[in-house]
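Structural description and commentary
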Amino acid sequence: MQDQYVLQIKDVNKSFSGVQVLKNVCLNVRPGTVHALMGENGAGKSTLMKCLFGIYKQDSGEFHIQGGQFNFTDPKHALENGVSMVHQELNQVLKRTITDNIWLGRYPKRGVMVDEKKMYQDTRALFDRLNIHLDPHIRLDKLSVSQRQMVEIAKAVSYDAKVIVLDEPTSSLTSHEVELLFNIIRFLREEGVGIIYISHKMEEIFQIADEVTVLRDGQYIGTESIANLTMEKIVNMMVGRNLENRFPPKTNVPGEVHMEVKNLSTRYAPKVKDVSFQLRRGEILGVAGLVGAGRTEMVEALFGARTRISGEVLIDGKKINNANPHRAINNRFALLTEERRETGIYPVADITFNSTIANIQSYKNKLGVLQDRVMKDDTDLQIKNMRIKTPHRREKIRNLSGGNQQKVIIGRWLLTNPDVLLLDEPTRGIDVGAKYEIYQLIINLANSGKSVIMVSSEMPELLGITNRIMVMSNGRLAGIVETEKTTQAEIFNLSALYLNNTREAEV
Amino acid sequence: MIETRKNPVQAVSGFFKKSREEWKEFLVNNAIYIVIFSIIIFIIINEPAFLSLRVFKNILTQSSVRLILAYGVAGIIILQGTDLSLGRSVGFAAVISASLLQRPDYPALFFPEMGQLPLIVPLLVAIVVCAFFSGINGWVVAKFQIHPFLATMGMMIALYGILSIYFASGAPGPQPIGGHEMRYTNLAVGSTLGIPNIVIFAALTSLVIWFLWNKTTFGKNMYAVGGNPEAAKVSGVNVLKTTVLVYLLAGVTYGIGGFLEAARIGSANNGTGFGYELDAIAACVVGGISFSGGIGRVSGAIAGVLMFTIISYGMTFMGMDMNFQYILKGVIIVAAVALDTKKYLKKS
């Protein structure tokens with residue numbers, strides 16, 4: 001029976017400082033299949049993979065690869081035995097070349113010297129095999145994220161891996177790039193590689209996976225062939241309760257024009273070029289587009305965080321000037337940034353600090369001293385209103401799950417009492433259950449008369465909760481569509497409208 | 001597909017055909033060479049006598065030990081680290097070398113009973129001692145994840161104590177160790193075929209360092225660990241070993257540097273080398289060896305060291321007040337870091 005699987009994980013247990021994060025977890029991967037590993041954030045997917053890869057040491061349990069038992073003590077050991085992993089955070093040395101990155105840790109040698117020629121030729125051969133068109137001598141920081149992803153996958157393949165773990169490989173890819181990635185995955189599947197695919201994106205799972213294993217709260221829930229599964233079934237397994245619908249009902253009704261943007265352009269690449277649109281009060285306006293289309297840059301420009309070269313913004317017909325974020329906040333704008341970990345949270349600070357920091361001026365009394373009491377009350381109110389799961393407001397924010405961190409950040413901006421909410425990828429890296437709550441929160445905000453601009457790379461959520469969607473392409477506005485009347489195909493075509501040769505060269 | 005390689009003909013004809021953006025990038029990337037060149041032109045205009053073989057030799061001679069030391073700390077900076085114990089380490093090497101290479105007829109001998117040693121012995125002892133302490137730095141930094149600034153600051157202080165104990169333990173008590181043998185002094189001040197010996201030392205060290213950094217697994221691992229330690233780790237690179245090796249290599253350069261420095265000055269005491277770490281670090285930074293890690297070339301270290309020597313030598317040559325030199329140096333260091341940041345960070 002054993003040979004039927006390329007990888008068998010049996011009864012793995014792991015706890016961190018007394019908290020058990022993996023409880024008797026099992027996973028069996030057949031050769032030549034894509035095995036989706038699913039679960040909410042904190043379900044233990046990454047921990048399990050890190051145990052497999054020798055980054056963590058499990059407390060008990062066994063790993064069998066092609067029938068032989070292994071217990072990897074470090075990543076090198078795992079790599080040498082046919083297990084490789086593409087990490088979610090793309091661990092790469094950006095200042096070095098593609099070849100240097102691919103052969104890192106096992107440079108071929110000629111005498112005492114590194115054999116550059118062999119490295120180059122091997123890289124070329126590898127790229128030819130995977131149909132990747134990149135010059136191996138390019139430095140990684142000259143590549144786009146998707147190209148770097150390809151390099152990382154090529155690297156995983158180059159170990160002659162029997163098992164390749166892909167941890168959320170598409171989180172920063174556009175649909176077109178995802179297709180390229182899937183071609184490579186299909187090629188590997190035909191070569192007989194067992195692929196463990198971790199993702200939160202349901203659509204992808206149904207496109208590429210053969211089998212699905214679900215974990216919940218560190219426990220093994222089950223394994224099913226994709227043919228026997230539906231989206232609802234997977235969600236049920238993941239959250240343990242029934243989420244009938246992935247999106248709450250759209251109850252908000254857009255009113256009169258609230259904000260008008262005319263001819264907005266920015267200076268630095270990726271540039272925003274001559275974007276004009278209107279936002280109605282109580283409306284949720286989605287922003288779609290490929291990576292590099294200028295969506296983030298557009299909202300940053302509106303918030304005064306990016307240099308503008310032209311453009312007028314009118315609120316209720318009156319011209320305003322968000323020259324910097326400080327003025328934007330005074331004009332009742334709020335920006336939820338895309339990179340929550342990098343630019344959103346203060347990880348070692350507590351929830352109180354993270355909730356009140358954007359609004360800290362308003363907590364001063366006449367003497368300029370901050371009033372702890374008011375800050376605490378406001379924080380408790382946000383924790384209650386948004387159902388943030390935390391033991392108390394003194395908890396460090398880094399100890400919360402991604403979804404709860406995001407709620408704290410949204411709460412931070414709500415405390416500034418904004419009128420225009422700019423949300424950049426508000427649900428990135430958040431699990432299904434928490435996503436629903438964030439959607440509900442956004443709709444409630446629109447209901448209360450606030451206007452929302454929501455940038456997202458996830459087509460379903462744009463279609464699910466927005467009223468209109470503006471599609472950006474190569475820095476320009478390609479069109480604004482009514483969500484009720486549009487299709488994924490229309491949005492996809494619009495997002496490719498202004499792609500020219502220079503952009504093609506980057507993709 | 002991106003093609004970065006051009007054939008030489010295209011490269012030459014393309015040199016002057018640059019867009020404004022490309023010129024800007026060219027200027028930023030070559031700022032240090034442009035600044036050095038401008039300083040030289042400025043000095044020559046004021047003092048035409050600066051343009052002479054003698055001056056050229058002097059500048060190279062004065063740069064040599066600094067360059068050797070800069071290579072050591074450069075490797076550590078490439079690992080996102082820094083080394084404050086460099087100066088004391090150099091001082092230790094200088095005192096050891098001097099104590100082992102005194103003329104037998106000198107009145108205040110450190111080791112009165114000791115006979116003549118081959119030159120290589122004191123050099124090796126200096127190297128081993130410096131490498132030992134620097135290796136401890138590397139191990140502490142990698143093993144306990146202590147910030148190199150703090151780890152090496154501790155070493156700097158402790159090393160001064162150890163060095164002073166050794167310095168005071170000689171037969172004549174704690175007093176400057178002079179009276180070096182001629183063959184030793186000659187290593188630093190003599191010439192071979194018209195080239196100062198000390199410059200030959202620096203050139204050889206440069207070659208070895210260039211080879212280690214660019215042609216060996218050790219060098220590539222160093223850049224990888226410095227550029228992204230996590231990436232190196234999950235690719236199976238032994239980060240601890242690489243870190244310790246980089247610090248050991250630094251210790252070796254301090255040993256060589258201290259050995260030559262005592263010979264050059266003609267005397268050594270427990271204060272020798274004090275503050276050298278800041279000169280070496282400044283030279284690296286100005287030469288584009290970035291504190292953000294993973295970036296740095298041999299040519300950058302050379303340019304950085306030469307620049308500071310040219311400034312101090314040239315300004316003195318012109319009779320300019322010493323104090324202005326400090327102001328200029330300070331401004332240049334900060335400006336260089338600002339440029340460096342512009343070069344490697346994304347514009348927003």
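Here is what the cut-offs are and how they apply
Residues numbered from 1 in each chain as written. Chains lettered and ligands numbered in written order. Predicted model: local features only at pLDDT ≥ 70, side-chain atom pairs only at ≥ 80, totals over all residues. Helix = DSSP H or I, 4+ residues; strand = E, 2+ residues; numbered from the N terminus. Buried ≥ 20, exposed ≤ 12 C-beta atoms within 10 Å, placed from the backbone. Contact = placed C-beta atoms within 7 Å. Pairing = 2+ DSSP bridges. Axes fitted to C-alpha atoms, helices over the stretch in contact; angles between N-to-C directions. Nonpolar A, V, L, I, M, F, W, Y, C, P; charged D, E, K, R; others polar. Core = buried A, V, L, I, M, F, W, Y, C linked by C-beta atoms within 7 Å. pLDDT = per-residue confidence, 0-100.

1. Details of the overall build of chain B
Of the regular secondary structure elements, chain B holds 15 helices and two strands. Taken along its principal axes, the extent of the C-alpha atoms in chain B is 70 × 55 × 35 Å. Within chain B, the proportion of its 348 residues that are buried is 43%. Sequence separation of 24 or more characterises 79% of the internal contacts of chain B that already satisfy a separation of 6 or more.

2. Considerations on the sheet that holds strand E16 (residues 308–315) of chain A
Residue and element names in this part refer to chain A. On the basis of which strands lie adjacent, the open sheet formed by four strands has the order E14-E13-E16-E17 and antiparallel pairing. Two strands close off the open sheet at either side, each with one partner strand: strand E14 (275–280) and strand E17 (318–320). Within this sheet the neighbouring strands show an average axis-to-axis angle of 20°, counted without direction. Here five bridges tie strand E13 (residues 257–266) to E14, and the two strands are oriented antiparallel to one another.

3. Examining helix H9 (residues 295–302) of chain A
Residues spaced three or four apart along an α-helix point in a common direction, a consequence of the helix completing one turn every 3.6 residues. Residues and elements named next belong to chain A. Most of H9 sits out of view: eight of its eight residues are buried. Inspection of H9 places Arg295, Thr296, Glu297, Met298, Val299, Glu300, Ala301 and Leu302 among the buried residues, and these make up the whole buried set. One or two positions beyond H9, positive phi appears at Gly304, with a value near 80°.

4. Brief notes about the interface of chain B and chain A
Each side of the interface is counted separately: chain B has 25 residues, and chain A has 28 residues. Elements that contribute at least two residues to the side of chain B that touches chain A include exactly helix H10 (217–227) and helix H11 (229–234) of chain B. Here the residues of the side of chain B that touches chain A sort into nine nonpolar, nine polar and seven charged.

5. Things to note about the nonpolar core
Among the nonpolar cores identified, the biggest contains 153 residues, and Ala70, Val73 and Cys284 of chain B are the most heavily contacted of them. Looking at which element gives the most residues to this core, the answer is helix H12 (residues 239–265) of chain B, with 13 residues.

6. Some points on unusual backbone geometry
All names here are of chain A. Its identity as a non-glycine residue notwithstanding, Asp316 has a phi of 50°, on the positive side. As for its placement among the helices and strands, Asp316 is situated in the loop between E16 and E17. At Glu425, a position not held by glycine, the phi torsion is positive, near 50°. Relative to the elements of secondary structure, Glu425 occurs in the loop between strand E19 (420–424) and helix H15 (432–447).

7. Examining the environment of Leu302 of chain A
Residue and element names in this part refer to chain A. Tracing the sequence through the fold places Leu302 in helix H9. For Leu302, a count of 25 C-beta atoms within 10 Å puts it in the buried group. Distance from Leu302 to Ala328, taken between C-alpha atoms, is 8.1 Å for residues 26 residues apart in sequence. Not counting residues within four places of it along the chain, the set of residues in contact with Leu302 comprises Val261, Val313, Asn322, Phe333 and Leu422.

8. Here we look at the confidence of the model for chain B
Fine structural detail should not be taken from predicted coordinates in areas where pLDDT scores are low. Scored by pLDDT, chain B comes out at a mean of 87, with 93% of its residues at no less than 70. Both scores are available for the predicted complex, with the pTM at 0.74 and the ipTM at 0.70.

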